[in-house]
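# Observations on the model geometry
Listed below are the residues making up each chain.
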Amino acid sequence: MGAIIAAACAFGMPLASAHDSWYEKQCCHDVHCEPMADGTVLETSKGFKLPSGQSLPYGDSRVRQSHDMHFHWCHAQKATAGRHREFPSGNPDSTICLYVPPKSF
């Protein structure tokens with residue numbers, strides 16, 4: 001696995017494919033999942049604050065354990081032509097799942 005990641009870096013390939021092997025289908029199917037830069041997702045006393053301003057309580061069913069030491073945010077940015085998806089809260093930037101590093105889970 002390390003050799004694959006090293007090769008991807010050497011050739012400028014995106015690393016998203018290194019993560020999608022463990023993203024659950026119900027979190028990513030027809031939506032965008034992305035690793036988040038450190039400090040982008042904030043932990044509060046009540047849960048996690050996302051870049052969209054949305055907050056997820058610690059016990060929310062959309063909070064999942066990450067398989068690495070980073071946050072990964074799966075969210076529906078907008079509907080695309082020919083694809084119809086019902087957003088969980090009706091918000092076009094709605095969170096589907098948030099993968100949280102083990103230290104925060």
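Structure: see above.
Now for a quick tour of the structure.

Cut-offs used in this document
Along each chain, numbering runs from 1 in the same order as the chain's sequence is written. Confidence filtering applies because this is a predicted model: local features only for residues at pLDDT of at least 70, side-chain atom pairs given and counted only at 80 or more, and all residues used for totals across whole chains, interfaces and linings. The side-chain figures draw on all heavy atoms in the structure; neither hydrogens nor water molecules are used. Counting from the N terminus, the helices are DSSP H or I runs at least four residues long and the strands are E runs at least two residues long. Relative accessibility under 20% of the residue-type maximum defines a buried residue, over 50% an exposed one, and the middle range a partly exposed one, all with a 1.4 Å probe and only protein chains included. Residue contacts follow a heavy-atom distance rule, with two residues in contact if any of their heavy atoms lie within 4.5 Å. For the accessible areas, the method is Shrake-Rupley and the probe is 1.4 Å, while residue cover comes only from the protein chains on display. Cysteine sulfurs are considered disulfide-paired once they come within 2.5 Å of each other. Any pair of nitrogen or oxygen atoms within 3.5 Å is treated as a polar contact; in protein, a donor-acceptor pairing is required on top of that, and neighbouring residues in sequence qualify only through side-chain atoms on both sides.

In this section: the overall build of the protein. Broken down by element type, the protein carries three helices and seven strands. Counting from the amino terminus, helix and strand elements in the protein follow one another as α-α-α-β-β-β-β-β-β-β. Residues classed as buried in the protein amount to 35% of the 105 residues present. In the protein, of all internal contacts separated by at least 6 residues, the share reaching a separation of at least 24 is 59%. If you sum the accessible surface of the protein, you get close to 6,600 Å²; carbon and sulfur atoms cover 56% of it.

Below, the discussion takes up the state of the cysteines. Under the defined criterion, the tally for this structure stands at two disulfides. Across a sulfur-sulfur distance of 1.9 Å, Cys27 and Cys97 are joined as a disulfide pair. Its S-S torsion of approximately -70 degrees makes the covalent link between Cys27 and Cys97 left-handed. Pair noted here: Cys27 is in helix α3 (residues 25–28) and Cys97 is in strand β7 (residues 94–100), with a separation of 70 residues, a long-range link. Since its relative accessible area comes to 0%, Cys27 is described here as buried. The buried category is assigned to Cys97, whose relative accessible area is 2%.

Here the focus is the side chain of Asp68. If you trace the backbone, Asp68 turns up in the loop between β5 (63–65) and β6 (72–76). Of the polar contacts made by the side chain of Asp68, one reaches the side chain of Ser66; its length is 2.8 Å. In this structure the side chain of Asp68 is engaged in a polar contact, spanning 3.0 Å, whose partner is the side chain of His72.

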